Structures are given as structure tokens and as C-alpha cells.
Number of protein chains: 2
Amino acid sequence: MKMRDSYTCPLELTHDIIRGKWKPIILWQLGKGAVSLSALQNDIAGIGQKMLLQHLGELQDFGMVQKEPYEGYPLKVEYSLTDKGRRMLSVITAMQEIGIELMKEDGKEEFLKNRGLI
Amino acid sequence: MKMRDSYTCPLELTHDIIRGKWKPIILWQLGKGAVSLSALQNDIAGIGQKMLLQHLGELQDFGMVQKEPYEGYPLKVEYSLTDKGRRMLSVITAMQEIGIELMKEDGKEEFLKNRGLI
DNA sequence: CAGCATCCGATCTGATACTG
DNA sequence: CAGTATCAGATCGGATGCTG
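Rules of the game
- Throughout this document, residue positions are counted from 1 along each chain, in the order its sequence is written.
- Going through the entries in the order they are written, you letter the chains from A and number the ligands from 1.
- Reporting of local features is limited, given that this is a predicted model, to residues whose pLDDT is at least 70; pairs of side-chain atoms are given and counted only at 80 or more, and all residues count toward the totals for whole chains, interfaces and linings.
- Water and hydrogen atoms play no part in the side-chain values, which are based on all heavy atoms of the structure.
- In this description a helix means any DSSP run of H or I spanning at least four residues, a strand means any run of E spanning at least two, and both kinds are numbered starting from the N terminus.
- Exposed residues in this analysis have more than 50% of their type's maximum accessible area, buried residues have under 20%, and partly exposed residues fall in between, with area computed by a 1.4 Å probe over protein chains only.
- It only takes one pair of heavy atoms within 4.5 Å for two residues to be counted as in contact.
- Residue burial considers only the protein chains on display, and all accessible areas are found by Shrake-Rupley using a 1.4 Å probe.
- What gets called buried area is simply the loss in accessible area from a 1.4 Å probe that two parts show on being joined, summed for both.
- For salt bridges, the criterion is a side-chain nitrogen of Lys or Arg within 4 Å of an Asp or Glu carboxyl oxygen.
- We place the copies in one frame by least squares, fitting the C-alpha atoms of every residue whose pLDDT is at least 70 in both.
- Under the rule applied, a polar contact is a pair of N or O atoms within 3.5 Å (in protein, one hydrogen donor and one hydrogen acceptor; residues adjacent in sequence only if both atoms are side-chain atoms).
- Expected span, for any helix, means 1.5 Å times one less than how many residues it has.
- Picture the helix axis, draw a direction to every C-beta atom, and the arc is the one those directions span.

In the nomenclature of an unreviewed UniProt entry, chain A corresponds to HxlR family transcriptional regulator from the organism Faecalicatena orotica.

Printed below as a string of C-alpha cells:
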């Protein structure tokens, strides 16, 4: 993602942080706890390794995500939220809640129930 | 913006609604009250008429924004938030608050004070 | 004032192949 | 398992000119 030199609007900053098809779901998943790259890829249906790595990198650039590499083979790495990242969850949660409301009003209750969202 | 046939994830739905460079600021501005197209363009620094109309149209497709055309010349139209749109403001507000926090931590207090954001 | 059509460069996404 | 490189197609953003 193209990065700006500086931000003159808080809304623009936050929007940029969660910009990209997979950013919100990545933050959401990491909110559950630290995980490996492959675990994350398994948890997020449809994402490819390249996009996952790219978006994780951008989230690290914004200080939302941190990476913990371990020594030895097989390679092991754990991704987790930083303090900033955890605070960003308030936005993600608000998005999730509104989304559930909208889907309810759109007659998707059955679907939401099946997934335990309501 | 390319629209999906259906959504299987609430987070994805909300993310799509606010997706696009100008969606959050448009919702934010409309949160202050109904305005004309030209007023909106004046309030949002840097936006062109095409993007404004395009993003307003997409927000209407999602049921966030409504348009009220008036008869006579010169032409007059008023854009405003729907009930759904007003509820979406909870997300925009959360984004704004986090953005302010992040900018504060980044030493932008002076800037924020000048704009009356803190 | 409000809105549409077109064109073009910048950016985003994803598939595939390859490395340590 | 974790990560990089490349390439092509889809999408986005913005400038410009035109219409009612």
C-alpha cells in the first residue's frame, strides 16, 4: 500500500490503517491471541499467503502488529497485536456490531445464528 | 465500486460500506446535517466532483445516504444520512477517536489543538 | 447548481514459482 | 514453515469537458 508522508486528519489515519480487503479480519483474528502465519491463513477463508504477509507488514508499519520470531527448525513465528492494535479493536468491534445489525435487517438472521453471531 | 452479490461476514459488509478514500469524511460531514452537493464539496478539502458523486451514490446503494431533490431553478438537492447512516456514525466516531489518540502519541498535539480536536 | 461520460495513470489483488 | 519475486488483470482516483 502506498503510504502517506503525514496525516492531517485523524479519520484519514484510521481509515488508512484498516484499508485493504483483509485488514479488519486480520486484526479481528489477532484479537483472539498470538498465532503463527499458517494458523492465521487457515483461520481466514480465502486469503492467499502473499496478501496475508503484505497486510501484516503494513499493520506492523502502523505499529498495530508485532512479530516474534523463534530460533530453530522448523521455522516458527508468532504474530500478535501491540497495545495500539488492541485499542484499534474498538473500531473493529463497532464495525462488526453494525454489520450484524445490517445483516439482521436484511433478513440474514438464520445465517448469523448458524455462526453464533446472535 | 464493484458490489458483491451477498455478504457472509458482518465485518466485511461494514468494511465495504466505508471503503474508498472519501467515504468516512463524507459520512462525518453529513452527520452535521443535510447539505447540498456544492456545500459538501466545499467542506471536504481536496475532493473532486466526480468522486464525491460516485461515493455518494455508493452510500445511497448501501442505504446510508438519501437524496432530496427540489423543483425549480437553480437546481437544488439535499443529501442527508438515513437512519442506517446515522448508526454508522458510531463506527466513524470510533475511528476519529482512535485517530486522535494515535496522532497525540505521534506528537501532533499542536496540530490537533489548532483544529479544536483536543 | 447538479450530474454524466471518457480517458489514463496509479494502485490493489491474486496466482504462480522460488528461496532459506 | 516463513517469506520473496514477478506478472497480469481488476479496480480506483482524478482531470477534463459536456448537458439540463
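## Section: the overall build of chain A
Helix and strand counts for chain A stand at 6 helices and 2 strands. Along the chain direction, N to C, the helices and strands of chain A fall in the order α-α-α-α-β-β-α-α. By the burial criterion, 40% of the 118 residues in chain A qualify as buried. In chain A, once contacts between residues fewer than 6 apart in sequence are set aside, the share between residues at least 24 apart is 45%. Carbon and sulfur atoms make up 48% of the accessible area of chain A, which totals about 6400 Å².

## A look at the interface of chain B and chain A
Contacts between the two partners involve 40 residues from chain B, matched on the other side by 40 residues from chain A. Of the roughly 3100 Å² buried where chain B meets chain A, counting both sides, 71% is carbon and sulfur surface. Of all residues in chain B, Pro10, Leu11 and His15 of chain B give up the largest surface area on contact with chain A, accounting jointly for 21% of the area buried on that side. Inspection of the chain B/chain A interface yields 4 salt bridges. Its salt-bridge partner being Arg87 of chain B, residue Glu101 of chain A comes within 2.3 Å of it at the nearest N-O pair.

## Observations concerning the relation of the copies chain B and chain A
Mapping chain B onto chain A leaves a residual RMSD of 0.0 Å; the transformation is a rotation of 180° accompanied by 0.0 Å of translation along its axis. Look at the turn and shift together and you get a two-fold axis relating the two. Relative to the rotation axis, the C-alpha of Val91 of chain B is the closest in chain B, positioned 3.1 Å from it. Comparing contact sets, 100% of the residues at the interface of chain B also lie at the interface in chain A, consistent with an isologous, same-surface contact.

## Here we look at the environment of Gly72 of chain A
Position of Gly72 of chain A relative to the elements: it lies in the loop between strand 1 (65–70) and strand 2 (76–81). What makes Gly72 of chain A partly exposed here is its relative accessible area of 40%.

## Considering the environment of Ser38 of chain A
All names here are of chain A. The topology assignment puts Ser38 in helix 3 (residues 37–43). Remark: the alpha-carbon pair of Ser38 and Glu68, spanning 30 residues in sequence, is separated by 14 Å. A distance of 3.4 Å separates a polar atom in the side chain of Ser38 from a polar atom in the side chain of Ser36.

## So, helix 4 (residues 49–61) of chain B
All names here are of chain B. With 13 residues, helix 4 extends 18 Å from end C-alpha to end C-alpha; this agrees with the ideal 18 Å at 1.5 Å per step. Every buried residue belonging to helix 4 is among Leu52, His55, Leu56, Glu58 and Leu59, and all of these are buried. One side of helix 4 carries all its buried residues, which in axial view fall inside an arc of 160°. Opposite the packed face of helix 4, turned more than 90 degrees from it, sit the exposed residues Lys50 and Asp61. Lining the buried residues of helix 4 we find helix 1 (10–17), helix 2 (23–30), helix 3 (37–43), strand 1 (65–70) and strand 2 (76–81). Residue Gly63 follows helix 4 closely and has a positive phi angle near 75°.

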